[in-house]
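Read off the chains here:
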Amino acid sequence: MQTLFPTSTTGSLPKPSWIAEPEKLWSPWKLQGSELTYGKLDALRVSIQEQQNAGLDIICDGEQTRQHFVTTFIEQLDGVDFEQRETVKIRDRYDASVPTVVGSVSRPKPVFIEDAKFLRQQTTQPIKWALPGPMTMVDTLYDAHYKDRETLAWEFAKLLNQEAKEIEAAGVDIIQFDEPAFNVFFDEVNAWGITCLEKAIEGLKCETAVHICYGYGIKANNDWKKSLGSEWRQYEEIFPKLQQSHIDIVSLECQNSHVPIELIELIRGKKVMVGSIDVASDTIETPEEVAATIREALKYVDADKLYPTTNCGMAPLSREVARDKLNALSAGAAIVRAELASTYTY
């Protein structure tokens, strides 16, 4: 990156109301057939423009062409039956009806390659693409075939690696793996979760990231966070081993969070995407509030390794709120960038 404190959104952005119901997570598509195909690309164009208008340095797809950050990938795999559904407890906190693994999983064709190529064609800026992480995929399904979480995660990691290599070849600069499950199943993360993640990034030459947060601003997540007490020290359980991994960037939650920010010290040496925007509130951060979060994080991560971002995806927010929050993110980063201009030359 040629910019100090390069900004980006973590993942999803609100979809236009003409393609899906606004302010609703995983909203069904309003269009069908070729209209939906072209509508998704139009939504992606709008998302890119809004990120650029806000002054973001790294452009994402905003997940405009997918309905769900995990299942949109799984839908394209063989071995998973979406008609045979079971109820499981997602992230060990809320029940959901999920598809069933009924046979050996395989990836008959690329899933996101055309969308990634389209994103690359729309901008000369660095671009980032997010994929679900192996453990989070396992935690979003009922497994009637392998009947072993680690085995299934390893199979998913191999498929994700295939997908990631093709996305990299399309010109993507950063591939991010979303692993909210890392914040829940600590023993499994340390036993095999990070190993599976490293399988997913095997052979990649682009930068790789893992996003670990406390979830979208939905009731189930907000209720869970209320139960965690005054300090959220979940990162402390996994950061030491993650620091030793080959992952380049760790994306985490900081703004309006009960995470002790000094825990970032545990991944010293990694690049860190510092969540500087609260996605669980409609309140718009001021640029100075964003700058304050960045300054605090600078105590524990080198300036050239700090990437300001959002705590999580912003799909459930209104487009207006999301737009204002992205503007605040860019403005806050600019404040601290100006403060350090004499120290760092790019």
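Keep in mind that what you see is a predicted model, and the values were worked out from it rather than measured.

S.K.: How do you make sense of the sheet that holds strand β4 (residues 127–132) when you look at a structure like this?
M.R.: Strand order in this open sheet of seven strands is β1-β4-β6-β7-β8-β9-β10, and the pairing throughout is parallel. Here the strands that pair on one side only, and so sit at the sheet edges, are β1 (59–60) and β10 (306–309).

S.K.: Explain the packing of helix α5 (residues 149–169) against helix α6 (residues 186–200) to me, please; I cannot follow it from the model alone.
M.R.: Where α5 meets α6, the axes come as close as 7 Å, and the angle between the chain directions of the two elements is 25°. Taken together, α5 and α6 sit at an angle that is classed as roughly parallel. Like other packed secondary-structure pairs, α5 and α6 cross with a definite hand, here right-handed. Contact with α5, carried on its side by R149, E150, A153, W154, A157, K158, L160, N161 and A164, involves E188, W192, T195, C196, K199 and A200 of α6 and no other residues of that element. For the contact of α5 with α6, the residue count by class is eight nonpolar, two polar and five charged.

S.K.: In this structure, what is going on with a negative patch on the surface? I would like to understand it.
M.R.: A grouping of E23, D282, E320 and D324 is seen on the molecular surface, where their side chains present a negatively charged patch. Of note, E23 is situated in the segment before α1 (33–53).

S.K.: Mind showing me how you'd approach α1 here?
M.R.: For the α-helix, the turn length of 3.6 residues means that residues three or four positions removed from each other point alike. When the terminal C-alpha atoms of α1 are compared, their 31 Å separation across 21 residues agrees well with the 30 Å that a helix rising 1.5 Å per residue should span. Looking only at α1, the buried set comprises L36, G39, L41, A43, L44, S47, I48 and Q51. Along its buried surface, α1 packs onto β1 and α3 (113–122).

S.K.: Quick question: what am I supposed to make of the sheet that holds strand β3 (residues 94–106) here?
M.R.: Backbone-to-backbone hydrogen bonds join strands into a sheet, with any given pair of strands oriented parallel or antiparallel. Taken in spatial order, the three strands of this open sheet run β2-β3-β5, and their pairing is mixed. Every interior strand has two partners, whereas the edge strands, β2 (78–90) and β5 (142–143), have only one. In the packing of α5 onto the sheet, the strands contacted are β3 and β5, and the crossing angle to β3 comes to about 70°.

S.K.: It is not clear to me how the pairing of strand β7 (residues 207–211) should be interpreted in this structure. Could you clarify?
M.R.: In terms of burial, β7 is largely enclosed, as five of its five residues are buried. Burial of β7 is two-sided: the residues E207, A209 and H211 facing one way and the residues T208 and V210 facing the other way are all buried. As paired strands, strand β6 (residues 174–178) and β7 are joined by five bridges and run parallel to one another. Residue pairing across strands places D178 opposite H211, the latter belonging to β7. One crossover worth recording links β6 to the parallel β7 by way of α6, and it is right-handed. The pairing of β7 with strand β8 (residues 249–253) spans three bridges and is classified as parallel. Residue V210 lies in a different strand from β8, and its bridge partner there is V250.

S.K.: Quick question: what am I supposed to make of the environment of C60 here?
M.R.: Its location among the elements puts C60 in strand β1. With 30 residues separating them along the chain, C60 and K30 place their C-alpha atoms 23 Å apart. Every residue in contact with C60, bar those within four places of it in the chain, is listed here: S8, T9, S47, Q51, L119 and K128.

About the criteria used
- Residues numbered from 1 in each chain as written.
- Predicted model: local features only at pLDDT ≥ 70, side-chain atom pairs only at ≥ 80, totals over all residues.
- Heavy atoms only, no water.
- Pairing = 2+ DSSP bridges.
- Helix = DSSP H or I, 4+ residues; strand = E, 2+ residues; numbered from the N terminus.
- Axes fitted to C-alpha atoms, helices over the stretch in contact; angles between N-to-C directions.
- Parallel < 35°, antiparallel > 145°, perpendicular 65-115°, else oblique.
- Left-handed = near helix turned anticlockwise from the far one by under 90°.
- Contact = heavy atoms within 4.5 Å.
- Nonpolar A, V, L, I, M, F, W, Y, C, P; charged D, E, K, R; others polar.
- Patch = residues over 30% accessible without salt bridge, like charges linked within 9 Å, V, L, I, M, F, W, Y side chains within 5 Å.
- Areas by Shrake-Rupley, 256 points an atom, 1.4 Å probe, with all protein chains shown as cover.
- Salt bridge = Lys/Arg side-chain N within 4 Å of Asp/Glu carboxyl O.
- Lys, Arg positive; Asp, Glu negative; His and termini not counted.
- Charge placed at Lys NZ, Arg CZ, Asp CG, Glu CD.
- Expected span 1.5 Å × (residues − 1).
- Buried < 20%, exposed > 50% of the residue type's maximum accessible area, 1.4 Å probe, protein only.
- Right-handed = clockwise from strand over helix to strand, strands pointing away.

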